[in-house]
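Topology and contacts: notes
So you can see what is in the structure, the chains are spelled out below.
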Amino acid sequence: MLAVWRRPVGYTPRSDAGLAGFERILARAGLDPVAGIDEAGRGACAGPLVVAAAVLRTPRSGGGIPGIPGLADSKTLTAPVREEIYRQIMKAAVDWSVVIISSADVDRLGLHVCNVSGMRRALAGLRDRPGYVLTDGFPVRGLAVPALAMWKGDQVAACVAAASIIAKVTRDRIMSELHGDYPDYGFNRHKGYSTPSHMKALARHGPCAEHRRSFVNVGGRREDLALDDLAGVPEPGDELAGEAADLAGQGGASDNGHNGSIVDVIEEHALLEGGRR
């Protein structure tokens, strides 16, 4: 007779457990505090890659995260709501940290290497080592803490959703500040992503110092474009009606008063693809 394996009762998150379900299960198993790690700007062709880690107070029973009633996946929130939840996270989070990786480092080291390095550094930036780590998307070696990679982690784990909002708001504010230095590109609107108006501005003006030249849609642009090639290309200020959906991710940047750390990735030459050394 075949034995039937059953998962231990009390250590399996239910489908209706809410955004804090995984954290409650891990805390029940003695693996708290649980840290979530996520990034913003991986798909952008201009501006930094920002990685954040967050540790929240986990409710022992059903319900939302204490002090952050509206916590959700950052991509599902409007910019004003995301800003408000960011403020809630800053007040209610047990700990958090942010790593800012420049576009030059992304070009020099590679996007995936910078992403992995940023996750390691964001975790190291927390005051105390967590008992468990949840990462969004793919596994990360070298965290020195038990970890689980979660598909769409910002939609199913509260700490990852909080990290996603921290990273997104921090990066959006940086891009809005960069608009003052490079007003021709409209960074305050599209935040460096490859929207139609951004690509037209890039065709007109060529890449600036904040563009990732390792990206094919940037590196393939000639900086000495002839004016004849630009016929019919509008200025970036001429907004397209259909671009509203591209701009739904506006937000803003980290407050000065924080209990986490903001650092820059400078040297990671030893890191290779996949986290190998």
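The preceding data block contains the structure.
Note that this is a predicted model, so its numbers are computed, not measured. (Residues numbered from 1 in each chain as written. Predicted model: local features only at pLDDT ≥ 70, side-chain atom pairs only at ≥ 80, totals over all residues. Heavy atoms only, no water.)

Another point: the side chain of R212. The residue R212 is located in the loop between α8 (196-205) and α9 (216-219) in this model. Look at R212: it is buried, it has no salt bridge, and the nearest opposite charge is D107 at 6.5 Å. For R212, the side chain forms a polar contact with the main-chain oxygen of G41, separated by 2.8 Å. (Helix = DSSP H or I, 4+ residues; strand = E, 2+ residues; numbered from the N terminus. Buried < 20%, exposed > 50% of the residue type's maximum accessible area, 1.4 Å probe, protein only. Lys, Arg positive; Asp, Glu negative; His and termini not counted. Salt bridge = Lys/Arg side-chain N within 4 Å of Asp/Glu carboxyl O. Polar contact = N/O pair within 3.5 Å; in protein donor to acceptor, adjacent residues only side chain to side chain.)

What follows concerns the pairing of strand β3 (residues 95-101). Buried residues dominate β3, accounting for seven of its seven residues. In β3, alternate side chains face the same way, and those of D95, S97, V99 and I101 on one face and W96, V98 and I100 on the other are all buried. Across seven bridges, the pairing between strand β2 (residues 49-55) and β3 is antiparallel. Bridge pairing links A52 to V98 in β3. (Pairing = 2+ DSSP bridges.)

For Y193, the location among the structural elements is in the loop between α7 (187-190) and α8. Taking C-alpha positions, Y193 is 8.0 Å from G41, a pair spaced 152 residues apart along the chain. Each residue touching Y193, except ones within four places of it in the same chain, is listed here: A40, G41, R42, G43, A44, R171 and H198. A distance of 3.3 Å separates a polar atom in the side chain of Y193 from the backbone nitrogen of G41. (Contact = heavy atoms within 4.5 Å.)

Moving on, we come to unusual backbone geometry. Omega for the bond connecting D32 with P33 falls within 30 degrees of zero, at 0°, which places this linkage in the cis form. Residue placement: P33 occurs in the loop between α1 (21-28) and β1 (34-40). Located in the positive-phi region is A144, a residue other than glycine, with phi close to 60°. Inspection of the secondary structure assignment puts A144 in the loop between β4 (132-136) and β5 (147-150). Positive phi values are uncommon outside glycine, yet K191 reaches one of about 60°. Counting through the fold element by element, K191 comes out in the loop between α7 and α8.

Next up on the list: the environment of V140. With respect to the element layout, V140 can be found in the loop between β4 and β5. Placed 23 residues apart in sequence, V140 and S117 show a C-alpha to C-alpha distance of 9.1 Å. Not counting residues within four places of it along the chain, the set of residues in contact with V140 comprises V116, M119, R120 and T135.

This part covers the packing of aromatic side chains. Any pair of aromatic rings gets described here by the distance separating the centres and the angle formed by the planes. The final tally for this structure, using the stated rule, is two aromatic pairs. When the centroid spacing of 6.5 Å and the interplanar angle of 70° are considered together, the rings of Y182 and F187 count as edge-to-face. For Y182, a relative accessible area of 24% corresponds to the partly exposed category. What makes F187 buried here is its relative accessible area of 0%. Aromatic pair Y185 and F187: ring centres 5.6 Å apart, planes at 10°, arrangement stacked. Members of the aromatic cluster, joined through ring pairs, are Y182, Y185 and F187. (Phe/Tyr/Trp six-rings, centres within 6.5 Å; stacked < 30°, edge-to-face > 60°.)

This part takes up the pattern of salt bridges. Enumeration according to the criterion identifies eight salt bridges in this entry. Notably, a salt bridge pairs D105 with R108, separated by 2.4 Å at the nearest N-O pair. Highlighted residues: D105 and R108, both in helix α3 (residues 103-109), separated by three residues, approximately one helical turn. Via salt bridges that share partners, E83, E84, R87 and R173 belong to a single interconnected network.

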